[in-house]
Structure formats: structure tokens, C-alpha cells
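# Observations on the model geometry
One letter stands for each residue in the lines below.
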Amino acid sequence: KNDMPTTIVVFGASGDLAKKKTFPALFHLFEQNLLPKRTRIIGYARTHMTVEDFHKRATSHFNPQADKSSIDKFLGICEYVSGKYDVDEDFQRLRSEIDRLEQESNIDTSCERIHVYYMALPPSVFVDVATQIKNNVYDESCTNRVVIEKPFGHDLESSRQLSKDIGGLFEESEVFRIDHYLGKEMVKNIMTLRFANVFYEAVWDRHYISNIQITFKEPFGTEGRGGYFDQFGIIRDVMQNHLLQVLSIVAMNQPKSLSAEDIRDSKTEVLKRILPIQLEDTMLGQYVGTSDGGKPGYKDDDTVPKDSITPTFAQCVMHVDNDRWRGVPWVIKAGKALDEAKMLIRIQFKDMPNSLFPNLARNELVIQVSPKESVYIKTIVKEPGLSTNLAMSELDLTYKTRYHDIKIPDAYATLILDVLNGDHSNFVRSDELDEAWRIFTPLLHQIENDRVKPLPYKYGSSGPEGVYQFVEDRVGYKRTGL
Ligand code: BG6
């Protein structure tokens, strides 16, 4: 564990992300004794409030069963500074507060220290805050780490501008771009599965794999954040980042080593081989309310324009143009207000060559990221007993059953710990980001310029009509009974 004196400033400390994710994750690390010994946390936001009010907000999403005295101890290291996001004096006050806390904790400022600036902020103020940090807070005698959250731009051009602005202020080695899917247990597990087990890597290519489906389904709509969501849509919200990141780890070649740069080199290399997505390979949807009026439609939200064409569902077929994957379709699907909560990666293998058995179903390896962490392989067996029929079964590694004593940490706790340790492996590098936008930008622009209408689907359904047919047509496979 790293025990360098550490100051963490959380910008946007009174916002949703900070309340729901950042502070609970910091508390989790504190409780597990994983924060460096002399850590101080400063919340910074525009709202004027007392430190007590801030403490109330910061703990509002803690587990109700959390230990009271641990919470009090945690709050003992949390201060609050209110200020605007573009006023020099406010940031100078922040710097004085950091200095004061370091003095209070008797920190020798000639020793190595870490300052983390965590921006839980809307994109409109990213650059202002980053500039203020650099001009008025940044301490050259420390290791400085800047954490930023998506959205990183709106398309290739705006993302490049943002990277240029941030790159003009901080070194890439100081920047940690969070994609919280990279902190999820089963996403972190993909590299281990692939590169630590001989039997996966041996069949991990177009000779054995027919298609790969990466699916994200949420059973709730954009209630409460429709206005925000409408500026982005599901492709920017989930696909261009979370799903593409997962895809790149499933598709990449083995990195030269486990170093962050080698891993990110491998991911970038495969992203470079992904062809921009075509509109004809895309299905778009937008949810409508249920007939009984029980669940609202996307456009019933007052903050969403009545003529919005923003997709809340999308399904695209992608192609990785390299020797390993040429000809294998990758189907990525994401939707809000669907019939279930599920995030999984389904790797479907090809038909068994020269099979002794007729009409075999295909093997599949499924990595389920949520809600239940599991890995299972759909495997054909002889039906047990006197029968000679075949049956589809699973080799099933469900984490709850196999590792019932282990509590799987929230992705944010894992990622903040990585920031404290200076490990970039699970953060997005600027060249990866650039490739991600290159793949999606032409499609996004075409949808917006041609005002392509999404297909309606009912809240709580499995998506627009034809959702499965779309996949079957493109992966060339119809399920058999088995
Ligand atoms: C966020 C998106 O990045 O990821 C949300 O903005 C989405 O729209 C969320 O709900 C999903 O994250 P998780 O961890 O709940 O699967």
C-alpha cells in the first residue's frame, strides 16, 4: 500500500456523481484501511454550505448499515471549500486550505506527496477548472494526478479540442480518464481469462468464433436526467465508451507485458483496426410509455424536447479488420427502459466441423458483468441417464456460489485505488479516446444531420420490433432447439 501523504480534492462535491459514487468509494477505501495514512479530502463546489451540511450530503448514499463510528472518523478527514469554477481568488483559497491541512498534519513538504484533483463535473466547466488548478493550485513539488469523467467531448473534433486543452495543462501521465466499466470485476477479469488459460486463447479468433455480442440492458429509463441525456443519447452515453472499452479488451492481442502502457498500446492497436460503423448496420430505438400509463415514455419527460430523435436504444454491428477477426461480426447493443438489468459478453463459437451429431447448437462462452458476476460455457452433454439424446448444459462459474465470502468492490473504489497507486492500466489514454470517436463520429453525424428517426419500443420490452431478427440476419445464425 502506498502511504505517501495525500490530498484529494473532489470538484463538483455537491453533485450527483460525487454523492453516489466518489464519496461512497472513498469511504469504502477508508474503511478497508486502503487510503494512505495521512489522507485529507476536500470537497469543492459552488454551493455555499457549512462543513456539516457538506458531510450530510457526502454520506447521503452510504450503505445504511455502515458503521457510525467509521463514518465519523472518515468525516474527520473531509473538509469543504465553496467557490466558483473560474475565479482565481477562489482557487487560491483552495490552495491555502491544502497547505493548511498539510501543516496541520505535520507533513514535511520536501517529501513526496500526492495531490489528486478529481473532477466530478459537467463537461462545460472541465477546462475552466483544469486551467484554474494549473494556475492557482498545482504544486510542482508533488505528484499531481487529475481524474476526469466522461463525457470527453461530443464527437471526434470536440474530443480532440478537449484533449488539446487538457494536454496543454497536464502531462498525459498526470491524467486519469475514468471509464468505470474498466473497474468492474468481470471486465478486469477478461485479460486473466484470456491470457492465463491455454484453452481460451487457443480458439480466440475467426477460425473458431462465429460472432461476439456485447449487451448492456437497463430496466429503467432516463427519468430525472432526460434533459442531460438528450444531448448525448445512448451511443455517446454507453457505447462509445463502456462497450467499446470492453470490446477492445476482448479483441486485443496479448500485450507485451502487464504494464499500463503495453496494455493500452494493445487496446489502441485493435481499436485502429475497427471500421467506422455504418448506418445500415445500426438499429436505433426510443422508448414509449406503457399502454396502462404505468411507465412514462422518453419524451414524456418535460426536460426532453417533444421532437427529440435521441436514441435510448441502439444495436450496431462492428467489424475488426485484422487477421484475427476478419469476417467475425461484433454486435453491440445498449438500451434504457428494457426488460431486464444485464451486461454481458457472449462469444458464440462456430459449428462443430465434421460433427458426428446432427443439428448441434453452438457453444458459447458468456461473461456476465452484471447483475451477477459469472462466467459460463454452454456445453453440449449427453442427457444424463439411459437416454442417448443430447442436452445443452453449462460449465458454470457463478461468483456468488464459488466466492461467497468475497465482497466485490464497486468499480469506483477500485479505480480510485489505482489513481492513488499511479496505475493507469484501467484508464483511457488519449489515443484510445481518439480512436473511439473516430469509429462512432460519422454515424453520429449522419443520424443527426439526416434526422434519422429511432424506432419506438415499449418501456419494459426487449427493444424495437425485429431486435433479434436484426442480429440473426447479420450473424447468420438461427438458434436450433438444442
Ligand atoms: C453511465 C451512464 O456511464 O453508466 C448511465 O451515463 C448508465 O446512463 C451507467 O446508467 C451504467 O453504469 P452501471 O455501473 O450501473 O452499469
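Residues numbered from 1 in each chain as written. Predicted model: local features only at pLDDT ≥ 70, side-chain atom pairs only at ≥ 80, totals over all residues. Heavy atoms only, no water.

Rules: UniProt positions are given in the numbering used here, feature names are shortened, and annotations may be inferred rather than shown by experiment.
As recorded by an unreviewed UniProt entry, the protein chain carries the name Glucose-6-phosphate 1-dehydrogenase and is attributed to Coemansia erecta. Listed in UniProt under the heading Pathway (unreviewed entry), the comment for the protein chain reads: "Carbohydrate degradation; pentose phosphate pathway; D-ribulose 5-phosphate from D-glucose 6-phosphate (oxidative stage): step 1/3."

### Focus on the sheet that holds strand 2 (residues 39-45)
What counts is decided by this rule: Here the rule is simple: two strands pair whenever DSSP picks up at least two bridges between them. Segments assigned H or I by DSSP are reported as helices when at least four residues long, segments assigned E as strands when at least two residues long, and all are numbered from the N terminus. Here, axes are lines fitted to C-alpha atoms. For helices the fit covers the stretch in contact, and angles between N-to-C directions go from 0 to 180 degrees.
In spatial order, the strands read 3-2-1-4-5-6; together these six strands make up an open sheet with parallel pairing. At either end of the open sheet lies a strand with only one pairing partner, and these are strand 3 (78-82) and strand 6 (175-178). Averaged over all pairs of adjacent strands, the angle between strand axes in this sheet comes to 20 degrees, irrespective of strand direction. Sheet analysis places strand 1 (residues 6-11) next to strand 4 (residues 114-119), joined by six bridges and oriented parallel. Note that in strand 4 the partner of F11 across the bridge is M119.

### Describing the confidence of the model for the protein chain
Quick reminder of the rule: Per-residue confidence from the prediction method is given by pLDDT, with values spanning 0 to 100.
This prediction gives the protein chain a mean pLDDT of 95; 99% of its residues lie at or above 70. The complex prediction reports pTM at 0.96, with the ipTM value standing at 0.96.

### What about the pattern of salt bridges?
Side-chain pairs of opposite charge can arise where the charged atoms are in close proximity. Rule in force here: By salt bridge we mean one thing: a side-chain nitrogen of Lys or Arg within 4 Å of a carboxyl oxygen of Asp or Glu. The buried label goes to any residue with under 20% of its type's maximum accessible area, the exposed label to any with over 50%, and the partly exposed label to all in between, with areas taken from a 1.4 Å probe on protein chains only.
The final tally for this structure, using the stated rule, is 36 salt bridges. A salt bridge links R160 to D434; the nearest nitrogen and oxygen atoms lie 2.8 Å apart. Highlighted residues: R160 in helix 6 (residues 156-169) and D434 in helix 14 (residues 430-449), separated in sequence by 274 residues. Residue classification places R160 among the partly exposed positions, given a relative accessible area of 45%. Each of R40, E79, E97, R100 and E104 takes part in salt bridges that share partners, so that together they form one network.

### Topic: the nonpolar core
What counts, and what does not: In this description, a nonpolar core means a group of buried Ala, Val, Leu, Ile, Met, Phe, Trp, Tyr and Cys residues linked to one another through side-chain atoms lying within 4.5 Å. Should any heavy atoms of two residues lie within 4.5 Å, those residues are counted as being in contact.
Of all hydrophobic cores here, the largest spans 142 residues; its most connected members are F11 and W330. When sequence neighbours within four positions are dropped, the list of residues in contact with W330 reads I212, I214, L247, V250, A251, C316, V317, M318, V320 and W325.

### Here's the deal with the site of the ligand
Applicable threshold: Proximity criterion: a residue is near a molecule or strand once any of its heavy atoms comes within 4 Å of it. The definition of a polar contact used here is a pair of N or O atoms within 3.5 Å, where within protein one atom must be able to donate a hydrogen and the other to accept one, and adjacent residues in sequence count solely through side-chain atom pairs. All accessible-area figures derive from a Shrake-Rupley calculation using a 1.4 Å probe, and residue coverage is judged against the displayed protein chains alone. Classes in brief: Ala, Val, Leu, Ile, Met, Phe, Trp, Tyr, Cys and Pro nonpolar; Asp, Glu, Lys and Arg charged; the others, Gly included, polar.
Around the ligand sit K150, H180, Y181, K184, F216, E218, R225, D237, H242 and K336, and those are all the residues in its vicinity. The side chain of H180 places a nitrogen or oxygen atom 2.8 Å from an oxygen atom of the ligand. One of the side-chain N or O atoms of D237 is found 2.5 Å from an oxygen atom in the ligand. For the ligand, whose accessible area on its own is 400 Å², the fraction buried by protein is 76%. Grouping the constituent residues of the shell around the ligand by class yields two nonpolar, two polar and six charged.

### A word on the pairing of strand 6
Quick reminder of the rule: Handedness rule for crossovers: strands pointing away from the viewer, path from the first strand over the helix to the second running clockwise, crossover right-handed.
Taking every second residue as pointing to the same face, both faces of strand 6 are buried, with V175 and R177 on one and F176 and I178 on the other. Across four bridges, the pairing between strand 5 (residues 143-149) and strand 6 is parallel. Bridge pairing links I148 to R177 in strand 6. With helix 6 bridging strand 5 and the parallel strand 6, this β-α-β connection has right-handed handedness.

### Some points on the UniProt feature "domain: Glucose-6-phosphate dehydrogenase C-terminal" (unreviewed entry) in the protein chain
Those places that UniProt annotates as "domain: Glucose-6-phosphate dehydrogenase C-terminal" (unreviewed entry) correspond, in this numbering, to residues 191-474. As annotated, residues 191-474 comprises 32% helix and 24% strand, and the C-alpha atoms at either end are separated by 27 Å.

### Let's talk about the environment of N389
For N389, the position within the fold is in the loop between strand 13 (374-382) and strand 14 (390-398). Taking relative accessible area as the criterion, N389 reaches 47% and is therefore assigned partly exposed. Among residues more than four places away in sequence, those in contact with N389 are V381, K382 and E383.

### Some thoughts on the packing of aromatic side chains
We describe a pair of aromatic rings using the distance from one ring centre to the other and the angle between the two ring planes. For the record, the criterion: Classification of ring pairs rests on two measures: the distance between centres of Phe, Tyr or Trp rings, Trp counted by its six-membered ring, which must be within 6.5 Å, and the angle between planes, read as stacked under 30 degrees, edge-to-face over 60 and tilted in between.
As enumerated under the stated definition, the model contains 24 aromatic pairs in all. Ring centres of Y287 and Y298 lie 5.9 Å apart, and the angle between their planes is 65 degrees; this geometry places the pair in the edge-to-face category. Note that Y287 is positioned in strand 8 (residues 282-288) and Y298 in the loop between strand 8 and strand 9 (313-319), a separation of eleven residues in sequence. One aromatic cluster is present, formed by F229, Y287, Y298, F313, Y457 and Y459 through successive ring pairs.

### Some remarks on the packing of helix 10 (residues 233-251) against helix 14
We apply this condition: Helix crossings get a hand from a simple test, with the near helix turned counterclockwise from the far one by less than a right angle marking a left-handed crossing and a clockwise turn marking a right-handed one.
Where helix 10 meets helix 14, the axes come as close as 11 Å, and the angle between the chain directions of the two elements is 145 degrees. Of the two elements, helix 10 crosses helix 14, and the hand of that crossing is right-handed. Counted together, I235, R236, M239, Q240, L244 and Q245 of helix 10 and E432, L433, A436, W437, I439, F440, L443, L444, I447 and E448 of helix 14 form the full contact between these two elements. Split into classes, the residues belonging to the contact of helix 10 with helix 14 amount to eleven nonpolar, two polar and three charged.

### Some points on the sheet that holds strand 9
With respect to topology, nine strands assemble into an open sheet ordered 14-13-12-11-7-10-9-8-15, the strand pairing being mixed. The sheet is open, and its two edges are formed by strand 14 and strand 15 (455-458), each paired on a single side. Neighbour-to-neighbour, the strand axes of the sheet open up by a mean angle of 20 degrees, direction not taken into account. Alignment of strand 7 (residues 209-217) against strand 10 (residues 329-335), held across six bridges, turns out to be parallel. Counted as the bridge partner of I212 is W330 from strand 10. Where helix 10 meets the sheet, its contacts fall on strand 7, strand 8, strand 9, strand 10 and strand 11 (342-349), and the angle it forms with strand 10 comes to roughly 145 degrees.

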